[in-house]
Each structure stands twice: as structure tokens, then as C-alpha cells.
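# Observations on chain architecture
The lines below spell out each chain.
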Amino acid sequence: MSDATLHNATQDPDDFAVSISDSVESFIVAVTEVAKGDEPDSAVPFLLLEISQLLLTGGRLGAHEDFVPDERYEPDTGPEPDVDELRERFANLLDPVDVYSEVFDPYVPRSEPVASRISDDLADIITDLRHGLAHYRAGRVSEALWWWQFSYLSNWGPTASAALRALQSLVAHVRLDQPLVELDGLDTDSGVTGDEDRLAEEAGRVMAAEIAAPLGLRRV
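Residues numbered from 1 in each chain as written. Predicted model: local features only at pLDDT ≥ 70, side-chain atom pairs only at ≥ 80, totals over all residues. Heavy atoms only, no water.

### Structural notes on the packing of aromatic side chains
Tallied over the full model, the rule gives six aromatic pairs. A centroid spacing of 5.3 Å and a plane angle of 5° characterise the contact between W146 and F150, whose relative ring orientation is stacked. Here W146 and its partner F150 are both found in helix α5 (residues 141-175), four residues apart, which amounts to about one turn of the helix. The partly exposed category is assigned to W146, whose relative accessible area is 24%. Ring pairs connect the aromatic residues W146, W147 and F150, which therefore count as one cluster. (Phe/Tyr/Trp six-rings, centres within 6.5 Å; stacked < 30°, edge-to-face > 60°. Helix = DSSP H or I, 4+ residues; strand = E, 2+ residues; numbered from the N terminus. Buried < 20%, exposed > 50% of the residue type's maximum accessible area, 1.4 Å probe, protein only.)

Next comes the structure, spelled out in C-alpha cells:
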């Protein structure tokens, strides 16, 4: 099924749903494997690739006409799986480049960047995706598609886009031989709002040795 014709309501929604669910499940499995830390040298490139592929799936959802769930109220999917362990694993794996700065909405005039964490982003994305997957596995296909589309537009899409930008910037520093220097910036837990210049400098210290060396990022 061509992405160019996703707006066509006469197409079989099951084919589209299977494609979306496969992409969602593939992302969850792949990112969970990366979080184990068995191959820290490849963590950043793998995450760059996986989030890029997920955003293609999100683009397909965003380009589709609005999905309407079968029921007026969302059925209960049960307790949400705990993602704290995954969040902590990524925080350790990506330290000290976990924190980055991002403009939340580029269409708000004079928006100030805010400090974010890639580890938080990944945990939030997976939480949203798992929620939709629970509906899908329970046979509530229209509910799953509605949730994935809605949460793409409202949460995991912007979150994934921000994380991708941070990872792309990190890889660019490496490939262009522009190592990150040790910087003093605000942390996401500080609760302090600073000016744009300070927040724009939020990049953390030099990448941890277990990630930096294989990627060619020099310590300074």
C-alpha cells in the first residue's frame, strides 16, 4: 500500500494496521535490546536508526485521515508496564550526553529551549507505543490505530523528533570531528529557567569513554 494514498478510506485498514503494529513492536524490541548495554559501542547509531524508522511510521499515521475508535470510551488496558528500569539503563548508558536542549514548539514566538533527557524520551515513547499495542493484541484494532495516531500528534511524535535531533547532532559532532567539550548547564531536575544562551549550551560533559572512543569522539 502506497503512503501517497493513505487518505483513501476505501483501502483495507487491516493491512495498514498490521504494518503499523509490526513497526511499533520492532521498535520496542530493538530499543529494549539496546538498553541492555551489551553493545554500548553501537548504542547511539542504533538509536538514531530505530527512531528514524519509527518516525516514518509516525508520518504515515499523521498523513492518514483521523481514526475513530469503535467505542466512545477507551477500554481499560490494565496496568501500564514499568519503564523505570529501561529509563535508568539508558541514563547510565548515555551519561553524560543524556541531557540536551530542545525547543518544545518551534511555532511559539521567542520560545526558549528546555532541558530534556534522551533516556526519559525513550521511556515515554515506549509507554505510548505499548499502550496502543495492548489494544491491538486484544483485537481492538481501531482503538489501537486511534491511540497511536493521537499520541503521535500529541506526545511521542514530538518526543521522538526531539530525541532524533539530539542523536543526529551527537553523531554530527563525531563525524565532523567537533568533539563535545565539558559544559556547565542546567539539569532537567534543577527547576530553574534560564536564558536561551545558557539552555542552548545544555549538552553535558564529554561523552562517556565506553561510547566516545568507538565513535571517535575525543576527550578535551
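Next comes the rest of the write-up.
### Focus: the nonpolar core
In this structure, F27, L47, I51, F90, L129, W148 and W156 are the most contacted members of the largest nonpolar core, which totals 45 residues. Listed by contribution, the elements that provide at least two residues to this core are α1 (13-35), α2 (43-63), α3 (84-94), α4 (118-137) and α5. At 14 residues, α5 tops the list of elements feeding residues into this core. Leaving out residues up to four positions away in the same chain, F27 has contacts with E50, I51, L54, I125, I126 and L129. (Core = buried A, V, L, I, M, F, W, Y, C linked by side-chain atoms within 4.5 Å. Contact = heavy atoms within 4.5 Å.)

### Some points on the packing of α2 against α5
For the pair α2 and α5, interaxial distance at closest approach is 8 Å and the crossing angle is 145°. Our pair here, α2 against α5, has a crossing hand that is left-handed. Split by residue class, the contact of α2 with α5 holds 18 nonpolar, eight polar and no charged. (Axes fitted to C-alpha atoms, helices over the stretch in contact; angles between N-to-C directions. Left-handed = near helix turned anticlockwise from the far one by under 90°. Nonpolar A, V, L, I, M, F, W, Y, C, P; charged D, E, K, R; others polar.)

### A short note on the pattern of salt bridges
Applying the stated criterion across every chain yields a total of six salt bridges. A salt bridge links D84 to R87, with the nearest nitrogen and oxygen atoms 3.8 Å apart. With D84 and R87 both in helix α3 and three residues apart, the pair spans about one turn of that helix. Residue classification places R87 among the partly exposed residues on the basis of a relative accessible area of 21%. (Salt bridge = Lys/Arg side-chain N within 4 Å of Asp/Glu carboxyl O.)

### What to know about the environment of V44
Position of V44 among the secondary structure elements: in helix α2. For V44, a relative accessible area of 1% puts it in the buried group. Remark: the alpha-carbon pair of V44 and Q168, spanning 124 residues in sequence, is separated by 9.1 Å.

### Remarks on the confidence of the model for the protein
With 75% of its residues at a pLDDT of at least 70, the protein reaches an overall mean of 80. Per-residue pLDDT stays below 50 along residues 190-211; that stretch engages in 64 contacts with residues further than four places along the chain or on separate chains. For the stretch residues 214-220, pLDDT sits under 50, and the model shows 25 contacts to residues farther than four places along the chain or on other chains. (pLDDT = per-residue confidence, 0-100.)

### A few points about the packing of α3 against α4
Contact geometry of α3 with α4 gives a least axis separation of 8 Å together with a crossing angle of 150°. Overall, the two elements α3 and α4 adopt an arrangement that is roughly antiparallel. Our pair here, α3 against α4, has a crossing hand that is right-handed. Taken together, the residues of α4 that come into contact with α3 (itself represented by L86, R87, F90, A91 and L94) are I118, S119, D120, L122, A123, D124 and I126. (Parallel < 35°, antiparallel > 145°, perpendicular 65-115°, else oblique.)

### What about α5?
Within an α-helix, residues lying three or four positions from one another point in the same direction, as the helix has 3.6 residues per turn. Taking 1.5 Å of rise per residue, 35 residues should cover 51 Å, yet α5 covers just 42 Å from first to last C-alpha, more than 12% shy of that figure. One or two residues past the end of α5 sits D177, with phi positive at roughly 55°. (Expected span 1.5 Å × (residues − 1).)

### Things to note about α2
An ideal rise of 1.5 Å per residue puts 30 Å on 21 residues; α2 measures up with 30 Å between its terminal C-alpha atoms. Along α2, the residues classified as buried are A43, V44, L47, E50, I51, L54, L55, T57, G58, R60 and L61.

### Concerning the side chain of S21
Of note, S21 is situated in helix α1. Using a relative accessible area of 3% as the deciding quantity, one classes S21 as buried. When near neighbours in sequence (up to four residues on either side) are disregarded, S21 contacts L133, Y136 and W148.

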